[in-house]
Amino acid sequence: MKKFNTNFFERYAQITLETVLGDEFADLINMDRPDLQKPDGSLGIEVTRAMEPKKDVALSMLKEMAGFAVNEEDRDEVEQIIRSGYGYGLQEGKYVGRLEYDYWMLALPLRRIIESKVAKVASGFYGEFQEYGLYIFCKDDLTEEEVELVVEYTADLQRHLDIRYSKMYLSMIDRLYVCDLSAAFLAEGVATFVSYNISRQM
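Residues numbered from 1 in each chain as written. Predicted model: local features only at pLDDT ≥ 70, side-chain atom pairs only at ≥ 80, totals over all residues. Heavy atoms only, no water.

Caption draft 1: Spotlight on the overall build of the protein chain. Per the secondary structure count, the protein chain includes 8 helices and 7 strands. A total of 202 residues make up the protein chain; the buried ones form 42% of that total. Considering only residue pairs separated by 6 or more positions, the protein chain has 59% of its internal contacts joining residues 24 or more positions apart. Carbon and sulfur atoms make up 50% of the accessible area of the protein chain, which totals about 11400 Å². (Helix = DSSP H or I, 4+ residues; strand = E, 2+ residues; numbered from the N terminus. Buried < 20%, exposed > 50% of the residue type's maximum accessible area, 1.4 Å probe, protein only. Contact = heavy atoms within 4.5 Å. Areas by Shrake-Rupley, 256 points an atom, 1.4 Å probe, with all protein chains shown as cover.)

Below is the structure:
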């Protein structure tokens, strides 16, 4: 069994994890569902990229976020969003408050990929592992405040799921954020993450 195939992003993710976080990640092998796996089944990490959604899908979502075409049964919750400025995951995250809007408008691809991958791991799509991780290549740099929002959002999305990610890795050009989703879950949404520099020499 080859340790890696030709997938650059999966190889880069493994090298980054081993170089930045140590030998604990040295034995990861490149497989499928999820992409990086420990041979003993203790850890499976799905690797993905935050890609731009199709234009028509993006426009539809932006209209919902702006409050157009609101279903009548959602009206009361939308009123609450307008008053508070936050969506709090109401209607499964379909609507976003004004205070969340600026960030999520820039990060729609990231939000969509998180929702998709959380649903997949919860369904058993990635097989049986003791722990699951989600490694996301982010096109845009994130501030620590934005990383905190992403962690809180993901933890809240997983809150009632039996199978969930315990770690999330947000990879940018020169930085890796290692996010502890288990700690965020236990602390009721308090974001816990550590930032590491990534050198070009890696």
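Caption draft 2: Expanded view of the nonpolar core. Leu110, Ile114, Ile136, Tyr165, Met168 and Leu170 are the most contacted members of the largest nonpolar core, which totals 24 residues. When residues of this core are assigned to their parent elements, the largest contribution, 5 residues, is made by helix H6 (residues 108–122). Leave out the neighbours within four places in its chain, and Met168 touches Ile114, Leu134, Ile136, Val150, Val151, Thr154, Tyr177, Val178, Cys179 and Leu181. Counting residues in each nonpolar core, the second largest holds 15 residues, with Leu17, Leu36, Leu43 and Val178 among its members. (Core = buried A, V, L, I, M, F, W, Y, C linked by side-chain atoms within 4.5 Å.)

Caption draft 3: Structural context of the pairing of strand S6 (residues 175–180). One ladder, built from 5 bridges, connects strand S5 (residues 167–171) with S6; its direction is antiparallel. Pairing of Ser171 across the sheet is with Leu176, part of S6. Between S5 and S6, which pair antiparallel and follow one another directly, the connecting turn spans 3 residues. Relative to strand S7 (residues 193–197), S6 runs antiparallel, the two being bridged by 5 bridges. Across the sheet, the residue bridging to Tyr177 is Ser195, located in S7. (Pairing = 2+ DSSP bridges.)

Caption draft 4: Quick look at the sheet that holds strand S3 (residues 43–49). Pairing is mixed in the open sheet, where 7 strands are placed in the order S1-S2-S3-S4-S5-S6-S7. Of all strands in the sheet, those bounded by a partner on one side alone are strand S1 (29–30) and S7. Set on the sheet, H6 makes contact with S3, strand S4 (131–137) and S5; between it and S4 the angle comes to about 160 degrees. Contacts from helix H7 (residues 144–158) reach S5, S6 and S7, with the element oriented near 145 degrees to S5. (Axes fitted to C-alpha atoms, helices over the stretch in contact; angles between N-to-C directions.)

Caption draft 5: How the structure looks around H7. Here H7 is 15 residues long and its end C-alpha atoms lie 21 Å apart, about the 21 Å a rise of 1.5 Å per residue gives. What H7 keeps buried is the set Val147, Val150, Val151, Tyr153, Thr154, Ala155 and Gln158. (Expected span 1.5 Å × (residues − 1).)

Caption draft 6: Seen up close, unusual backbone geometry. With an omega dihedral of 0 degrees, the bond running from Arg33 to Pro34 counts as a cis peptide bond. Phi angles above zero are rare outside glycine, and Arg33 is one such case at about 55 degrees. Here Arg33 is to be found in the loop between S1 and strand S2 (36–37).

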